[in-house]
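Each chain is listed here by its residues.
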2 protein chains.
Amino acid sequence: MISVENIARQARLAARSMRRVSPEQRADALQKMAAKLVECRAEVLKANVADIEAAGELTPAFRKRLQVNDKVFDYMVNRLQVAAALPDPVGRVLEEHVMPSKLKVQKVAVPIGVLAMIYEARPNVTSDAASVAVKSGNAVILKGGAESLRTNMVLAEAMRDAAVAAGLPADCIQLIPSTDRAAVTELLQQDRYIDLIIPRGGKSLIQAITGNTRIPVLKHYDGICHQYVAADADLNKAVSLVVNSKCQNVAVCNALETLLIDSKAPQELYWAIAEALKANQVELRGCAETCAIIPDCLPATEEDWATEYLAPVLSIRTVHGIGEAMEHIAEYGSGHTDGIITESPLLATEFTTNVDSASVLVNASTRLSGGGDYGMGAVVGISTDRLHARGPVGPAELCTYKYIATGDGQLRD
Amino acid sequence: MISVENIARQARLAARSMRRVSPEQRADALQKMAAKLVECRAEVLKANVADIEAAGELTPAFRKRLQVNDKVFDYMVNRLQVAAALPDPVGRVLEEHVMPSKLKVQKVAVPIGVLAMIYEARPNVTSDAASVAVKSGNAVILKGGAESLRTNMVLAEAMRDAAVAAGLPADCIQLIPSTDRAAVTELLQQDRYIDLIIPRGGKSLIQAITGNTRIPVLKHYDGICHQYVAADADLNKAVSLVVNSKCQNVAVCNALETLLIDSKAPQELYWAIAEALKANQVELRGCAETCAIIPDCLPATEEDWATEYLAPVLSIRTVHGIGEAMEHIAEYGSGHTDGIITESPLLATEFTTNVDSASVLVNASTRLSGGGDYGMGAVVGISTDRLHARGPVGPAELCTYKYIATGDGQLRD
């Protein structure tokens, strides 16, 4: 019988040792983790086949998440190498000033401490989370979906060995070797040892976690993402941005779900967008005004505006000015990613100032609101939370800070 | 019967309006709030007298917190004026870069949204919290201790009037006009409208709150603060730093509670420190080694090392080298403020690198680990949390950020 409390305690001790690990050692550890995975490729794939066989009947989407084929494997290895090459986030001087008393005050980035990742049966999250945690000097406890346990155990063991070879404490990466739900319950009680929980999964999972722990939770809720096409939008740009936002990958959180078109936009723009989307097999659901312009557009219901389809379906609403567009986003959006397509810098500024989403875009695909496209490299997810980290969560976001004040005998009056 | 849900909903709407308020308007609002308080001075003091009379028998400490005399009142007004003059934290570009695709990515500070302050019967917190909230563009819900309700109502009403006069929404400052504990319970359930809860008070209050809400909580736990006097410390500097850290105000979270003296330090240093502390009526409790050197030093128990006295009592432990000092701090400290007194830059770096507290000091009084002495102006407290904000919490810490990505048609490959 495993003790989750013991795992958490070990993680705390590992986090303390991690403070003495240099940036070079962390980068070396990530390179060694990548190399070790390559060495264990056959073993990982074999364990994954066993996981898939044991799981029995699977939906195609579930199977796709669970499966580690050569392409997924190469990607996992690559992410570890990318993380190794990223700038080191620990020890960055975020602010520095000297007080009139000559006290020098520095705000310096330090690791958060102990992270716990709770996620679905997606083995690539195991290596991604470990890479970002090691890069940021944290210890991490991994609890992946039950169906992926065999794969995860091989991955975790390989990465631990590599970490030790680089001089890191083995327990900077720990996997909970259990498919028991009680293990999660026990994990949520370890507020003495765990600093942050990062759950990846459905809204109900995340809400169940936040309702049952004192540990801070970094939430990754859904993405009901919008593009607002202003009246002055460039037609070709609008068509390609909408198609890319919706179709490049319909199943992800930053895919477009609702299109807002300004009522002053020409009918040609509606038609061109509709045609391009239909050519990509996207089902369109519109408000009455939109349906009157676009042929074969199904009527949208109230529920459509609040739905994250994650499928080739798009809702379209005609809005009367930017104010109505922003009202719609405030009412139905999830604060993930929302964009405007316009040639007017004034309208763009109005939009970016007043739309309160983690990512606000001007003339860019919603699919670009991610760590890679913001130049952040490896991320563990895109936070829809407002506290601590918002948007892509990479190594820098998994740091906190401390103040270092250096004086020469300064006293308080 | 008041509806806390309604108050929270109004705060959310006010937070949305606050996005359109300019830095100049916020500064003007703070100046007007200060002026309006001055206008209402007699009314505030009268309400405070009524609060104190109604409260009946009070401990001196409780009475001191509850009482608004001329000195406290002037301080409250001054803090509003100081906040007005601080640099505006909203809209700061925290990071900015252009991707190879020419996508311009900016990370911009924005208000968190809706804050809820839950605090004891300390009317100065009412104006401090309002000043920091307005400065950072947030809406705030205030729930102060029941005994201070009359005073708080006068303060809140005056500040609301002033905010409106400056063009801010009245509901950017709301006080829950109730002494009912059920109001707090209801407040904790408003996760739809409230973004952050900041409790000020005892550990049990804070733990009760974190255990009963899905809303993130910024915790302000106790300060078990240490100074480690290295063997090479300058005697005079050490004496004045220890005395100031302990005696300048014994009742606050960044007062010194445990002194660690290196066993290689000369006995003269022990004696000089002990003499100076005794001259300030501080009771000393030491480990066996310390008691063998300092006459009249009482023996410390295990409990002493884990105690925040908030009183003229100091525990002293002799440690054998910096490693033992850091171990002691890791074991018994609360991660608030810990310092080293040394003339060696190497020892200082060893200490600041490995001690993981919100403030780590070198040759400076623990009493300097605060917003004012770090140049931050107004603060609502000193966070012992690791997430989002650590150490002093001022207007900048009550912001989050969003990404603004500006392109010219950039797509995802």
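Our subject is the structure listed above.
The present account deals with the structure reproduced in this document. (Residues numbered from 1 in each chain as written. Chains lettered and ligands numbered in written order. Predicted model: local features only at pLDDT ≥ 70, side-chain atom pairs only at ≥ 80, totals over all residues. Heavy atoms only, no water.)

Moving on to the relation of the copies chain A and chain B. Here chain A sits on chain B after a turn of 180 degrees about the axis and a move of 0.0 Å along it, with an RMSD of 0.0 Å. These values place the two chain copies in the arrangement generated by a two-fold rotation axis. Considering only C-alpha atoms, the residue of chain A closest to the rotation axis is H388 of chain A, which sits at 1.9 Å. Mapped onto chain B, 100% of the interface residues of chain A are again interface residues, and the two copies thus contact each other with one and the same surface. (Least-squares fit on C-alpha atoms with pLDDT ≥ 70 in both. Contact = heavy atoms within 4.5 Å.)

Residue and element names in this part refer to chain B. Phi at K102 takes a positive value of approximately 80 degrees, unusual for a residue other than glycine. Among the secondary structure elements, K102 is positioned in the loop between β1 (93-98) and β2 (104-111). K102 gets classed as exposed once you look at its relative accessible area, which sits at 64%. (Helix = DSSP H or I, 4+ residues; strand = E, 2+ residues; numbered from the N terminus. Buried < 20%, exposed > 50% of the residue type's maximum accessible area, 1.4 Å probe, protein only.)

Attention now goes to the sheet that holds strand β3 (residues 114-118) of chain B. Residues and elements named next belong to chain B. Strands sit in the order β5-β4-β3-β6 across an open sheet of 4 strands; the sheet is parallel. Because the sheet does not close on itself, it has two edges, and the strands there are β5 (173-175) and β6 (196-199). Across this sheet, the average inter-strand angle for adjacent strands is 20 degrees, counted without regard to direction. Pairing analysis gives 3 bridges linking strand β4 (residues 139-143) to β5, with the strands arranged parallel. Bridge assignment links L142 to a residue of β5, and that residue is L175. (Pairing = 2+ DSSP bridges. Axes fitted to C-alpha atoms, helices over the stretch in contact; angles between N-to-C directions.)

Our next topic: the environment of G407 of chain B. With respect to the helices and strands, G407 of chain B occurs in strand β16 (residues 399-410). Residue classification places G407 of chain B among the buried positions, given a relative accessible area of 15%. Distance from G407 of chain B to M99 of chain B, taken between C-alpha atoms, is 10.0 Å for residues 308 residues apart in sequence. If near-sequence neighbours (up to four positions away) are discounted, G407 of chain B is found in contact with V362 and N363 of chain A together with L103 of chain B.

A separate point is the interface of chain A and chain B. Chain A puts 72 residues into the contact, and the matching count from chain B is 72 residues. Interface area, chain A with chain B, both sides summed: about 6,100 Å², of which 48% is carbon and sulfur. Taken together, the connections running from chain A to chain B amount to 12 salt bridges. For D408 of chain B, the salt bridge is made with K237 of chain A, and the minimal N-O distance between the two is 2.7 Å. Elements that contribute at least two residues to the side of chain A that touches chain B include exactly β2 (104-111), α9 (203-210), α10 (235-247), α14 (322-332), α15 (345-354), β13 (359-364), β15 (391-393) and β16 (399-410) of chain A. The element best represented in the side of chain A that touches chain B is β16 of chain A, accounting for 11 residues. In terms of residue class, the side of chain A that touches chain B is built from 28 nonpolar, 24 polar and 20 charged. In terms of strand pairing, β13 of chain A meets β16 of chain B through 5 bridges, oriented parallel. Within the sheet, the bridge partner assigned to L361 of chain A lies in β16 of chain B and is A405 of chain B. (Buried area = accessible area lost by both parts, 1.4 Å probe. Salt bridge = Lys/Arg side-chain N within 4 Å of Asp/Glu carboxyl O. Nonpolar A, V, L, I, M, F, W, Y, C, P; charged D, E, K, R; others polar.)

Turning next to the pattern of salt bridges. Two side chains carrying opposite charge are able to pair once their charged atoms lie near each other. The tally for this structure, following the rule as stated, stands at 50 salt bridges over all chains. Between E327 of chain A and R16 of chain B there is a salt bridge; the shortest N-O distance is 4.0 Å. Placement of the pair is E327 of chain A in helix α14 and R16 of chain B in helix α1 (residues 4-18), with the two residues belonging to separate chains. Using a relative accessible area of 49% as the deciding quantity, one classes E327 of chain A as partly exposed. Residues R9 of chain B and E5 of chain B are paired through a salt bridge, measuring 3.4 Å at the closest nitrogen-oxygen approach. In this pair, R9 of chain B and E5 of chain B both sit in helix α1, 4 residues apart, roughly one turn of the helix. Overlapping salt bridges bring together R12, R19 and D195 of chain A together with D356, R386 and R390 of chain B as one network.

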